[in-house]
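Survey of secondary and tertiary structure
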Amino acid sequence: MIRMSGDAVAADEREPVPRHRPMGGLLRTRNFALLWIGQSTSAVGSAITTVALPLVAISTLHAGPAMVALLTAATWLPWLLIGLPVGVWVDRWPRRRTLLIADLVSAAVLVVIPIAAGTGVLTMTMLVVAALLAGIAGVFANVAFNAFLPHLVGAEDLMEGNAKLQTSASVALVVGPGLGGLVAQAAGAVSGILIDAVTFLVSAACLLGLRSEPEPRPSAGDRPGMLRQIAEGIGFIMRGRLLQAMLVVAAVTNFAMLGITALRVVFLVRSEGAAPGTAGLVIGVGSLGAILGAALASRASRSFGSARTYLVANVAAAPFVLLLPLGGHGWRLALFAAGSFIALAGATMSNVMTMTFRGSFVPAHLLGRVTAASRIFVFGTIPFGAATAGLLASAIGTRSAMWALAVVYVIAPLPLLATEARTLRDFPAQGTPTAVA
């Protein structure tokens, strides 16, 4: 997405950003279109893996709920282990090359799983290690992507870019789980992992095709030490009241929702007896809500304000998560799908508002560090949520564990009603004193 020093493109190769675009907006520009294709394809593969990976553990290795939840924990654990230094490295390194390397590493790690399964040497330890390594690559990719997007599209197009990327990611959440379940039934769960590896290669090819302007980065002599740079990112967050409140809510809701996500395949397939294809279909139908949320995000922000949209998306949608543990065999699968639909619609609208706020409010030279510091806090709770889900499921049963986590999810956004988000129409942009202590 961005070229390294020495890789800068000539002026006549750079893609101009028109003030008024024809129908299609950013998708009519070469750079964003390539970025969107690569990210969307990879998102479908990753969504397939969310179903395929636990199915490999369940069907091939006969793993129990605790071990399946451990896979989710391993995927997100790298945020706790390396999240802060990654933010510093991303602010120092060329972000497009960082993304490219992350894609290639992810593809290499994932392709090992079907090879090991085909040769009869696959173990649960190998699955956990693969999830951990893919998670490490994902940390680099996530921070680099969020730090680079504002540079690629500009502040005036950031809301549109985030909304379009969230829409395609939401479509992936619909298509991916269903494909994962169908592929598992037709060709075995490991085939879904192989598909995901291929999608990372497609993403890498799209990154190679980008022609973006060089991004200004401080020279090595201008850089403070690692600890000081980490402190700068954390310090910016600590001075922002809204950023703090949003981080706390996101951290708790992620803890609860990813705990539920870690159990959903076990709940549907093992507890309720749904076929893998049916489970993937139910998860995919529920994920249609994310498409609705992404599609409405920009319009709602313009009509009602970004801060108001964020508040309603969190507080009003959360109670519908209680429908998930009410789901069950037969027609009750519709309850699971309906709860997922509304909860994901709210969560996706919230994500678009949050990413746009961060991208427009945080100075560009701090964006990698602030993103990493934010996400180590927000994503760092996910391994604990997955681990807690596994322990609860083993102790009190899968459905009861989902009930407990759903209640936590409903309560989490309520403190937002006591913050200034309740009185704002729109989130502030860079340089405004609002939201900064």
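What counts, and at which threshold
- Residues numbered from 1 in each chain as written.
- Predicted model: local features only at pLDDT ≥ 70, side-chain atom pairs only at ≥ 80, totals over all residues.
- Heavy atoms only, no water.
- Axes fitted to C-alpha atoms, helices over the stretch in contact; angles between N-to-C directions.
- Helix = DSSP H or I, 4+ residues; strand = E, 2+ residues; numbered from the N terminus.
- Parallel < 35°, antiparallel > 145°, perpendicular 65-115°, else oblique.
- Contact = heavy atoms within 4.5 Å.
- Nonpolar A, V, L, I, M, F, W, Y, C, P; charged D, E, K, R; others polar.
- Phe/Tyr/Trp six-rings, centres within 6.5 Å; stacked < 30°, edge-to-face > 60°.
- Buried < 20%, exposed > 50% of the residue type's maximum accessible area, 1.4 Å probe, protein only.
- Left-handed = near helix turned anticlockwise from the far one by under 90°.
- Patch = residues over 30% accessible without salt bridge, like charges linked within 9 Å, V, L, I, M, F, W, Y side chains within 5 Å.
- Areas by Shrake-Rupley, 256 points an atom, 1.4 Å probe, with all protein chains shown as cover.
- Salt bridge = Lys/Arg side-chain N within 4 Å of Asp/Glu carboxyl O.
- Lys, Arg positive; Asp, Glu negative; His and termini not counted.
- Polar contact = N/O pair within 3.5 Å; in protein donor to acceptor, adjacent residues only side chain to side chain.
- pLDDT = per-residue confidence, 0-100.
- Core = buried A, V, L, I, M, F, W, Y, C linked by side-chain atoms within 4.5 Å.
- Expected span 1.5 Å × (residues − 1).

**Looking at the packing of helix α11 (residues 288-304) against helix α12 (residues 306-315)**
Taken N-terminus to C-terminus, the directions of α11 and α12 make an angle of 120°; their axes are 7 Å apart at the nearest point. In terms of orientation, α11 and α12 fall into the oblique class. Note on element contacts: α12 touches α11 through S306, R308 and T309, opposite A300, S301 and F304. Of the residues that constitute the contact of α11 with α12, the class distribution is 2 nonpolar, 3 polar and 1 charged.

**Describing the packing of aromatic side chains**
The full count for this structure, using the stated rule, is 8 aromatic pairs. Between W89 and F140 the ring centres are 6.2 Å apart and the planes differ by 5°, which places this aromatic pair in the stacked class. Note that W89 is positioned in helix α3 (residues 78-92) and F140 in helix α5 (residues 124-153), a separation of 51 residues in sequence. With relative accessibility at 16%, the residue F140 sits in the buried group. Judged by centre distance (5.6 Å) and plane angle (65°), the rings of Y310 and F427 are edge-to-face.

**A look at the packing of helix α15 (residues 367-396) against helix α16 (residues 398-411)**
Close contact between α15 and α16 brings their axes to 7 Å; oriented N to C, the two are set at 135°. Relative to α16, the element α15 lies oblique. Judged by the sense of rotation from one axis to the other, the crossing of α15 with α16 is right-handed. Together, A389, L392, A393 and I396 of α15 and T398, S400, A401, A404 and L405 of α16 make up the contact between the two elements. Classifying every residue of the contact of α15 with α16 gives 7 nonpolar, 2 polar and no charged.

**Let's talk about a nonpolar patch on the surface**
On the surface, L77, L80, L81 and F384 cluster together into a nonpolar patch covering about 360 Å² of accessible area. Within the element layout of this structure, L77 appears in the loop between α2 (65-76) and α3. We classify L77 as partly exposed; its relative accessible area is 32%.

**A short note on helix α10 (residues 276-286)**
Regarding α10, the residues found buried are G277, A279, G280, V282, I283, G284 and G286. Packed against the buried residues of α10 are α1 (30-60), α6 (158-187), α9 (241-271), α11 and α14 (333-361).

**Some words on the side chain of D103**
When you line up the elements, D103 lands in helix α4 (residues 95-118). No salt bridge is formed by the buried D103. Its closest oppositely charged neighbour is R96, at 11 Å. Among the polar contacts made by the side chain of D103, one reaches the main-chain amide nitrogen of A204 at a distance of 3.5 Å. Those residues within four positions of D103 in sequence are excluded, and the remaining contacts are F200, S203, A204 and L207.

**Comments concerning unusual backbone geometry**
A positive phi angle is found at H62, which is not glycine, with a value near 55°. Assignment of secondary structure puts H62 in the loop between α1 and α2.

**Notes on the confidence of the model for the chain**
Confidence in the prediction for the chain averages 83 pLDDT; 90% of positions are at 70 or higher. Throughout residues 1-23 the model reports pLDDT below 50, and contacts reaching past four residues in sequence, or to other chains, amount to 52 contacts. Within the model, the stretch residues 432-437 combines pLDDT values under 50 with 18 contacts to residues more than four positions away or in other chains.

**Focus: the pattern of salt bridges**
This model, assessed by the stated rule, comprises 6 salt bridges. With its nearest N and O atoms 2.8 Å apart, the salt bridge here joins D91 to R369. Taken together, the positions of D91 in helix α3 and R369 in helix α15 put the pair 278 residues apart, joining distant regions of the chain. Residue class for D91 comes out buried when judged on its relative accessible area of 6%. With relative accessibility at 7%, the residue R369 sits in the buried group. The shortest N-O distance in the salt bridge between E160 and K164 comes to 3.0 Å. Residue E160 and its partner K164 are both found in helix α6; the two are separated by 4 residues, about one turn of the helix. For K164, a relative accessible area of 22% puts it in the partly exposed group.

**Focus on the nonpolar core**
Ranked by size, the top nonpolar core spans 59 residues in total, and within it L149 and F427 carry the most contacts. For this core, the element with the most residues is α5, which contributes 12 residues. In this structure F427 touches L242, M246, S306, A307, Y310, M353 and F357, once residues within four positions along its chain are discounted. Grouped together as the second largest cluster of nonpolar side chains are 55 residues, A52, M257, A318 and L333 included.

**Some points on α16**
A rise of 1.5 Å per residue sets the reference length of α16, with its 14 residues, at 20 Å; its end C-alpha atoms lie 21 Å apart and thus fit the reference within 8%. Listing the buried residues of α16 in full gives T398, A401, M402, L405, A406, Y409 and V410. Buried positions along α16 lie against α9, α13 (323-326), α14 and α15.

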